[in-house]
Amino acid sequence: MLLLLTLCLVVLYWGVSVGSAGFVNLGSMPNEPGLAAIVFDIRLPRTLGALCCGALLGLSGALAQGLFRNPLADPYLLGSASGATLGVAAALVAFRVSPSAGHWLARLGLTGAAFIGAMVAVLLTLALARGFQHTFRLLLCGIVVGVVLGALCSLTLLLDPQVLQSMQTFMLGSTSYVGWNSVIMMAIGWLVCIVIAVPLGRLLDGLSLGESTAISLGLNIGFLRAVLVCVLALAVGLSVAQTGLIAFVGLASPHLVRSMVKVTHAHLLLISSVMGAALLGAADVLARCLLAPRELPVGVLTAVLGGGYLLWLMQKRQFSSTGGES
Amino acid sequence: MNLSRIMKQLMLCCLGLLASSALFALQVSDDRGMTLDLPSPAKRVVSLLPSLSEMVCALHACDRLVGVDRNSNFPLTLKNVTSLGSGLDPNIEAIVVLKPDVVVMSHAHRAVERLNSLGVKVLVLEPKTHADVERVLQSLATLLGVEGAQKLWRSIDAEINDSANSMPLKSKGARVYFEVNRGPYAASESSFIGEILSRLGTKNIIPASLGPFPLVNPEFIVKANPEVIFITAQEASTLSSRPGWGRINAIQNKHVCVIANHEEDIIARPGPRMGQAAAILAHCLLIHGRFE
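Values in this document were obtained by computation on a predicted structure and should not be read as measured data.

> Outline the overall build of chain A, supporting the account with residue identities and numerical values.
Assigned secondary structure in chain A consists of 13 helices and two strands. Buried residues in chain A amount to 53% of all 326 residues. Across chain A, the fraction of contacts at a sequence separation of at least 24, relative to all contacts at a separation of at least 6, is 80%.

So, in structure tokens, the structure goes:
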């Protein structure tokens, strides 16, 4: 845990130092007046934003895997990814097709459109699954809603193919325009989610033993599950709205944590958050410095980093387990 | 005996060559490096790229267009021509039914292969720079058997020069930033838009080394501090909310050139309307370029 926190701090320092020209020593700040403003206005909120977003995704990934008792679950399972994409596509196309509707949507902003899209998708999933009771049904409805909304999104984009390039930055994830407002929103959101979810970690522990066992342990599954799904939706909605779809962080963080330590769900939620933050933070910094001043979409790097690290861990475990036997 | 036999074979060969060259009167090469042989100038043409449609019409061969893609909307007479879907994913059946002599389109590997296998001749032309436009105009003129490609190119060039000459000396070297799409995707010096901006005497903050339309780090733009920003109407409202952008010279002095929806088509296509594009860009630069 301490290691991860130090990692986060390192990423923060690194992130603030790396700009469009590569690594710059912060000590030279007094000599360059413009630099301080750039650091404060752009790099700091961007790096903090990446850390917060990663934390939200790590948390929701651990929640999703606990709720659905499926190690392959990722936070976008309830259709929120497709909903957000549809929201953004609708906002982008609406402006070009009818400027009056577009002006109204412009005030909402793309982040607002994405958030509303994500929430609507989750509500749709819940409505189709008729409640929180049956996880399998919830999962299935989530997938169906995701696919259908994805198709609607493609249809919307056909109306005006010129927005395809703008959509690409959303769908691959980007921390380019994360400012202080976004950081504050995500940070508060994360605190709220953590404060609600961590005490409910017992429910996830109970659920992992099976539903009947959980009920016999005296846990009120129905209500608590509903609360956790709401927390999941909120966390995913916030992160998708600010930075777009970032693959793999939600899926990989809990696995990375579990491969390093054995913890109960309460701690898993917290540590997975921090792991997600470190992962996305590192990816964001690399995205900026690899091809400076060009930028890589951050979603590409999270997949490469997270996937690579996971593979390495798996190899190491296999190696050590076979080595231990012989 | 052997000698006369050889002579006969030689004569036959020569006759054969003459015949084949008469059979294929036209040869046009395309962007794939492949040469297309046609017996006569194309009379029925399908165009699947808006800039190519505009070029065909500018060469006064608009009536030969029997089918265009969904986005070919200029000149307005093209509204009456059969629409064939998107340029990259056209309706193959509709194209074949039209029985075109040739289809001009950009690179869309599967569509080109499919059309070729169905016996339709395809010419892949994808203009990306000014030099490309000149070359493609010539190719199209050869294909259509018309004159006037050189004249057309000279008139486009002259229009751009006129716009360049209308720029006052004071605005030479003004730092500009042209945003193509949210991302931010910018137009660099090596793109066709960048070339127009360079000819208007401005300095693009995005160097050619980054490629024609790179995805840049917003910090780079803030550091480069452009004096004029070109942006679409849709994104213009978001400029002030971008973190750190409030310090940019262009935004503080409100030197933001907003490109209206109807102007986007003119500026975004490397074709015969590049002169008009230059005029639109020059008009805005005259208002916003260095008049303090």
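> Give me the overall build of chain B: which residues, what numbers.
Looking only at helices and strands, chain B has 12 helices and 12 strands in total. When the backbone C-alpha atoms are referred to their principal axes, chain B occupies close to 90 × 40 × 35 Å. Within chain B, buried positions represent 43% of all 292 residues. Sequence separation of at least 24 residues holds for 55% of the intrachain contacts in chain B that already meet a minimum separation of 6.

> Which residues make up the interface of chain B and chain A, and what values go with them?
Counting from both sides, the interface comprises 22 residues of chain B and, opposite them, 25 residues of chain A. Among the residues making up the side of chain B that touches chain A, the classes are represented as nine nonpolar, eight polar and five charged.

> Which residues make up the sheet that holds strand 6 (residues 102-105) of chain B, and what values go with them?
All names here are of chain B. Read from one edge of the open sheet, five strands run 5-4-3-6-7, paired in parallel fashion. Of all the strands in the sheet, the pair left with one neighbour each is strand 5 (82-83) and strand 7 (122-124). Pairing of strand 3 (residues 45-47) with strand 4 (residues 65-68), which is carried by three bridges, proceeds in the parallel orientation. Paired with V46 across the two strands is G67, which belongs to strand 4. Packing of helix 2 (residues 50-58) onto the sheet brings it into contact with strand 3, strand 4 and strand 6, and relative to strand 3 it is tilted by some 140°.

> Let's hear about the domain arrangement of chain B: which residues, and what values?
Residue and element names in this part refer to chain B. For chain B, the domain assignment lists domain 1 (25-147) and domain 2 (167-288). The C-alpha-based centres of domain 1 and domain 2 are spaced at 31 Å. Listed as interface residues are 13 residues of domain 1 and, on the opposing side, 10 residues of domain 2. Elements represented by at least two residues in the side of domain 1 that touches domain 2 include exactly helix 2 and helix 5 (130-144). Per-element tally for the side of domain 1 that touches domain 2: the top contributor is helix 2, with five residues. In the side of domain 1 that touches domain 2, the residues fall into six nonpolar, four polar and three charged.

> Outline the nonpolar core, listing residues and values.
Grouped together as the largest cluster of nonpolar side chains are 100 residues, with contacts concentrated most on A:L56, A:L63 and A:V88. In terms of residue count, helix 12 (residues 265-289) of chain A provides more of this core than any other element does, 16 residues in total. Ignoring anything within four residues of it in the chain, the contact list for A:V88 reads A:L110, A:A113, A:A114, A:G117, A:M167 and A:F170. B:C57, B:A149, B:A174 and B:A282 belong to the second largest nonpolar core, which has 77 residues in total.

> With reference to specific residues and values, describe the environment of A:L296.
Residue and element names in this part refer to chain A. With respect to the helices and strands, L296 occurs in the loop between helix 12 and helix 13 (298-325). Taking the C-alpha atoms as reference, L296 lies 21 Å from A81; in sequence the two are 215 residues apart. Dropping the residues within four chain positions of it, L296 is found in contact with A287, L290, L291 and L301.

> Go over the pairing of strand 4 of chain B with me, naming the residues and quoting the values.
Residues and elements named next belong to chain B. This β-α-β element, strand 3 to helix 2 to strand 4, shows right-handed connectivity. Pairing analysis gives two bridges linking strand 4 to strand 5, with the strands arranged parallel. By the bridge assignment, V68 is partnered in strand 5 with S83.

> Now, about the environment of B:C57: what can you tell me, with residues and values included?
All names here are of chain B. In this fold, C57 is placed in helix 2. For C57, a count of 22 C-beta atoms within 10 Å translates into the label buried. Separated by 21 residues in sequence, C57 and L78 place their C-alpha atoms 9.3 Å apart.

> Residue-level account of the environment of A:F248, with values.
All names here are of chain A. The topology assignment puts F248 in the loop between helix 10 (221-243) and helix 11 (249-260). In this structure, the C-alpha to C-alpha distance between F248 and G306, residues 58 residues apart in sequence, is 6.9 Å. Residues contacting F248, with those up to four places away along its chain left out, are T302, A303, G306 and G307.

> Describe in detail the packing of helix 6 (residues 149-165) of chain B against helix 12 (residues 274-288) of chain B, supporting the description with residues and values.
All names here are of chain B. In contact at an axis separation of 8 Å, helix 6 and helix 12 are set at 10° when each is read in the N-to-C sense. Viewed along their axes, helix 6 and helix 12 adopt a mutual orientation that is roughly parallel. For the pair helix 6 and helix 12, contact is made by I156, E159, I160 and S163 and by M274, G275, A278, A279 and A282, respectively. In terms of residue class, the contact of helix 6 with helix 12 is made up of six nonpolar, two polar and one charged.

> Break down unusual backbone geometry for me, with residues and values.
Residues and elements named next belong to chain B. A cis amide bond links F74 to the next residue, P75, at an omega of -10°. Within the secondary structure layout, P75 lies in the loop between strand 4 and strand 5. A cis amide bond links G183 to the next residue, P184, at an omega of 0°. Here P184 is to be found in the loop between strand 8 (175-181) and strand 9 (185-186). A positive phi angle is found at K254, which is not glycine, with a value near 60°. With respect to the secondary-structure elements, K254 resides in the loop between helix 10 (249-252) and strand 12 (256-259). The class of K254 is exposed, set by 7 C-beta atoms lying within 10 Å.

> Please set out the confidence of the model for chain B residue by residue, giving values where relevant.
Per-residue confidence for chain B gives a mean pLDDT of 88; residues scoring 70 or more make up 93%. Here the complex is predicted with pTM 0.83, and the ipTM for its interfaces comes to 0.80.

> Can you break down the pairing of strand 8 of chain B residue by residue, with the values?
All names here are of chain B. Of all seven residues in strand 8, six are buried, a share of seventy percent or more. Where strand 8 and strand 10 (residues 203-204) come together, two bridges link them in parallel fashion. Across the sheet, the residue bridging to V176 is N204, located in strand 10. Examined bridge by bridge, strand 8 and strand 11 (residues 228-232) share three bridges and lie parallel to one another. For F178, the partnering residue across the bridge sits in strand 11 and is F230. Relative to strand 9, strand 8 is paired through two bridges, and the arrangement is antiparallel.

> Hey, could you go over helix 2 of chain B for me, with residue numbers and the actual values?
All names here are of chain B. Of all nine residues that make up helix 2, nine are buried, and the element is covered over most of its length. Of the positions making up helix 2, those classed as buried are P50, S51, L52, S53, E54, M55, V56, C57 and A58. Where the residues of helix 2 are buried, they touch strand 3, strand 4, strand 6, helix 5 and helix 6.

Calculation notes
- Residues numbered from 1 in each chain as written.
- Chains lettered and ligands numbered in written order.
- Predicted model: local features only at pLDDT ≥ 70, side-chain atom pairs only at ≥ 80, totals over all residues.
- Helix = DSSP H or I, 4+ residues; strand = E, 2+ residues; numbered from the N terminus.
- Buried ≥ 20, exposed ≤ 12 C-beta atoms within 10 Å, placed from the backbone.
- Contact = placed C-beta atoms within 7 Å.
- Nonpolar A, V, L, I, M, F, W, Y, C, P; charged D, E, K, R; others polar.
- Pairing = 2+ DSSP bridges.
- Axes fitted to C-alpha atoms, helices over the stretch in contact; angles between N-to-C directions.
- Domains from an automatic or database assignment.
- Core = buried A, V, L, I, M, F, W, Y, C linked by C-beta atoms within 7 Å.
- Right-handed = clockwise from strand over helix to strand, strands pointing away.
- Parallel < 35°, antiparallel > 145°, perpendicular 65-115°, else oblique.
- pLDDT = per-residue confidence, 0-100.

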